[in-house]
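One letter stands for each residue in the lines below.
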Amino acid sequence: MNSYKMANKRIYLCLAHMSEAGLEQKYIKEAFDTNWVVPLGPNVNGFEKDLESYVGENKRVVALSAGTAAVHLALIACGVGPGDEVIVQSFTFCASSHPITYLGATPVFVDSERDTWNMDPGLLEEAIKDRIAKTGKKPKAIVPVALYGMPYQIDRIMEIADRYEIPVVEDSAEGFGSKYKGQMLGTFGKYGVLSFNGNKMITTSGGGALITPDEDAWREIMMYATQYRESYPYYQHEKIGYNYRMSNICAGIGRGQMTVADDHIKHHQHVQKLYEELLAGVEGVTVHRQPANSDYDSNYWLCTITLDPALKVKGQEDAYKTIVTGAVGGAAGVIHAASSAVTDCQPNDNVEAMRVALDLAGIEARPVWKPMHKQPVYRNAPAYLNGVSEEIFKIGMCLPAGPYVSDEDVKYIVETIISSLI
C-alpha cells in the first residue's frame, strides 16, 4: 500500500471487529427470533460461561452493562460507603476512580513504578500506613490497574493487601487476556473487572463483566445488578440495586467475539513487536514494553511510545496555540468547549505536535491517560506521588494497535513518525 492510499485511509487507535465466522449475527438473530431482547437470556448466560472457562481459576462471572458498573458493584461488595477511602492507581482512566465517588467515598491515589507504569507497591504500603495513622482506619479496597493491558506487580501488591487484610479489586478493563505467571489478570484479587467497550480486545459494543470469587459472591453481585429484587410475587426491594445486567443482544456479540479473542491478542502482540523493531534505531523515540522476564504476558491493548523532551517535531512551535473545539479521543461529540488551549499539566509541545502530524496523516494517536491526581475534579483527594505518572504523561503517546491495523499500516505510522522529526 503506497503512502498516497494510506493517507486517505483512517487508521484508528484500537477498534475491535466482528469475527469472520459471523457468529455474532447468528446469536443476535436467535435473540430476536426467540424474543429475548432484554437484559437477560441465553446469550447472557452463555457469554458468562464462556468467560468463566476463559479466565479459569474456578471463578464465577457476571456480565454487566459496562466495566464502570463492574468497578461500582465490586466496591459495594467490599463494603465501601460514605466516609470510606479506597486506594486506586492514579495513572488510569476515570472509570477506575469515579465509582468510588459514586459511593460517597474518597479515592486515595497512588503513583506508578517505571517498569510497568502501574501502581508502585512501595507507595501503596506507604499510603496504607499513612491513611491508618491519619484516619484511624484502613482503606476499604485497593484498585490496581492493568494500564494499556500491562500486568501490574501483582505478587507484591497481593502480599501487601493480604498483610493488611484489604480486598483487591483488579481493574483489568484494558487487560483482558493478559497474564502474570501464566494466570489471567482479574483472578488474583477478590474481584476482577473486565471491559468490552468498542475499543477493547473484544467487544459487545458496550459492556463489561465482574469476576467473582465464588457462588455466594456471584449471587450477591447478580442481585445488585438486577435491582436487588426479593422473591415475592411483586417487587420487593430490601437493598438499593442497579440496572446493570448486560443485554442479551450485546451478549450475543460477545459470544461470537470469544471465538476470536486469542487471535486478537496475538495480533496486538504482533503489532507491538513490529513497533519495537521498526522504531529501534530512532533516536529519542522509545517503545514501552513489558519487563524482560517470563512473568509478564501483556495483551498490548495499546502500544505506547515516549518522546525525549529534547526531540524536535515539525510544527512544534504551534503546539497548543489553538483551543480545541471538537471531541478528541472518543468523547462522543458531547463536550464543554475548552476555556484555554493549555492546562497546568499537559503533554510536552513535541508530543502534541506529533499527535497533530499523525492526525493529518490519517492516523489516530492520543496522549497517555492524564493522571487522576492532576484532574481538577480530584484536586483535593489524597495522593502518594513519586512523579512517574506525571513524567510519562508529558512524554507518552498511544499508537494504533487494533485488529484492523495491518503490517503496512504500522510501517506507514512509523514512516510518518520519522518524517515528522526535525
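These numbers come from a predicted model, not from an experiment.

### Thoughts on the packing of helix α6 (residues 121–135) against helix α7 (residues 154–163)
Thought 1: At a closest axis distance of 9 Å, the pairing of α6 and α7 adopts a crossing angle of 15°. One finds that α6 runs roughly parallel with respect to α7. For the crossing formed where α6 meets α7, the hand is right-handed. Contacts from P121, G122, L124, E125 and I128 of α6 reach α7 at R156, I157, I160 and R163.
Thought 2: A per-class count over the contact of α6 with α7 returns 5 nonpolar, 1 polar and 3 charged.

### Re the sheet that holds strand β5 (residues 169–171)
Thought 1: In space, the 4 strands of this open sheet follow the order β1-β9-β8-β5, with mixed pairing throughout. The sheet terminates laterally at β1 (60–64) and β5, the two strands that pair on one side only. Adjacent strand axes in the sheet meet at a mean angle of 20°, parallel and antiparallel pairs treated alike.
Thought 2: Across the sheet, helix α3 (residues 42–55) is in contact with β1 and β9 (208–212); its angle to β1 comes to roughly 135°.

### Considering the sheet that holds strand β4 (residues 141–143)
Thought 1: Spatial strand order, β4-β2-β3-β14: 4 strands in an open sheet with parallel pairing. Both outer strands of the open sheet, β4 and β14 (383–384), are each paired with one neighbouring strand and no more.
Thought 2: Where strand β2 (residues 85–89) and β4 come together, 3 bridges link them in parallel fashion. Bridge assignment links I87 to a residue of β4, and that residue is I142.

### Some points on unusual backbone geometry
Thought 1: Even without being glycine, Y228 reaches a positive phi, approximately 45°.
Thought 2: Within the element layout of this structure, Y228 appears in the loop between α8 (215–225) and α9 (248–257).
Thought 3: With phi around 60°, Y320 is a residue other than glycine that occupies positive phi space.

### Focus on the side chain of T304
Thought 1: Mapped onto the elements of the fold, T304 is located in strand β12 (residues 303–307).
Thought 2: Apart from the residues lying within four places of it in its own chain, the contact partners of T304 are W117, Y148, T286, V287, H288, V368, M397 and C398.

### Here we look at the environment of I154
Thought 1: Assignment of secondary structure puts I154 in helix α7.
Thought 2: Its relative accessible area of 0% is what places I154 among the buried residues.
Thought 3: Residues within four places of I154 in sequence aside, it is in contact with E170, Y180 and F188.

### A closer look at the packing of aromatic side chains
Thought 1: Under the counting rule described, the total for this entry stands at 13 aromatic pairs.
Thought 2: Pairing Y180 with F188 gives two aromatic rings, centres 6.2 Å apart and planes at 70°, and the pair type is edge-to-face. For the residue pair Y180 and F188, the accessibility class agrees, reading buried in each case.
Thought 3: When the ring of Y224 is compared with that of Y228, the centres are 4.9 Å apart and the planes differ by 65°; the resulting orientation is edge-to-face.
Thought 4: A residue is classified by how much of its surface remains accessible, and Y224, at 12% relative accessible area, is buried.
Thought 5: Three or more aromatic residues joined by ring pairs make a cluster, and in this case those are F47, Y54, F176 and F196.
Thought 6: Directly above the ring of W218 sits R60, whose terminal nitrogen or CZ lies 4.1 Å from the centroid.

### Structural notes on the nonpolar core
Thought 1: Membership of the largest hydrophobic core comes to 36 residues, with the highest contact counts inside it found for F47, L51, Y148, F176, F196 and V368.
Thought 2: Elements with a minimum of two residues in this core: α3, β1, β9, α9, α10 (261–278) and α12 (388–395).
Thought 3: It is α3 that contributes the most residues to this core, 5 residues altogether.
Thought 4: Apart from residues no more than four positions distant in its own chain, Y148 is found in contact with E174, S298, N299, Y300, W301, L302, T304, P367, V368, W369 and C398.
Thought 5: Residues I76, A141, V169 and I221 belong to the second largest nonpolar core, which totals 34 residues.

### Focus: the environment of N197
Thought 1: Among the structural elements, N197 can be located in the loop between β8 (191–195) and β9.
Thought 2: On the basis of relative accessible area, N197 is assigned to the partly exposed category, the value being 36%.
Thought 3: In the structure, N197 is positioned 158 residues away from R355 in sequence and 23 Å away in space, judged by C-alpha atoms.

Cut-offs and rules
- Numbering of residues begins from 1 in every chain and follows the order in which that chain's sequence is written.
- Reporting of local features is limited, given that this is a predicted model, to residues whose pLDDT is at least 70; pairs of side-chain atoms are given and counted only at 80 or more, and all residues count toward the totals for whole chains, interfaces and linings.
- Side-chain numbers come from the whole structure's heavy atoms, not from hydrogens or water.
- The axes are straight lines fitted to the C-alpha atoms, using for helices just the contacting stretch, and the angles between their N-to-C directions are given from 0 to 180°.
- A helix here means a DSSP run of H or I that spans at least four residues, while a strand means a run of E at least two residues long, and both kinds are numbered starting from the N terminus.
- The scheme is simple: roughly parallel for angles under 35 degrees, roughly antiparallel for over 145, roughly perpendicular for 65 to 115, oblique for anything else.
- Crossing handedness: left-handed means the near helix sits turned counterclockwise from the far one by under a right angle, and right-handed means the same turn made clockwise.
- When checking whether two residues touch, look at their non-hydrogen atoms; a contact exists if any pair is within 4.5 Å.
- Classes in brief: Ala, Val, Leu, Ile, Met, Phe, Trp, Tyr, Cys and Pro nonpolar; Asp, Glu, Lys and Arg charged; the others, Gly included, polar.
- Here, any two strands with at least 2 DSSP bridges between them count as paired.
- Exposure is judged per residue with a 1.4 Å probe applied to protein chains only, and the accessible area is read against the type maximum: over 50% gives exposed, under 20% gives buried, and values in between give partly exposed.
- Aromatic contacts are taken between Phe, Tyr and Trp rings whose centres are within 6.5 Å, Trp giving its six-membered ring; a plane angle under 30 degrees counts as stacked, one over 60 as edge-to-face, and the others as tilted.
- Our definition puts a charge over a ring when NZ of Lys or CZ of Arg is within 6 Å of the ring centre and also within 35 degrees of the ring normal.
- Only buried residues count toward a nonpolar core. Its members are Ala, Val, Leu, Ile, Met, Phe, Trp, Tyr and Cys residues joined through side-chain atoms within 4.5 Å.

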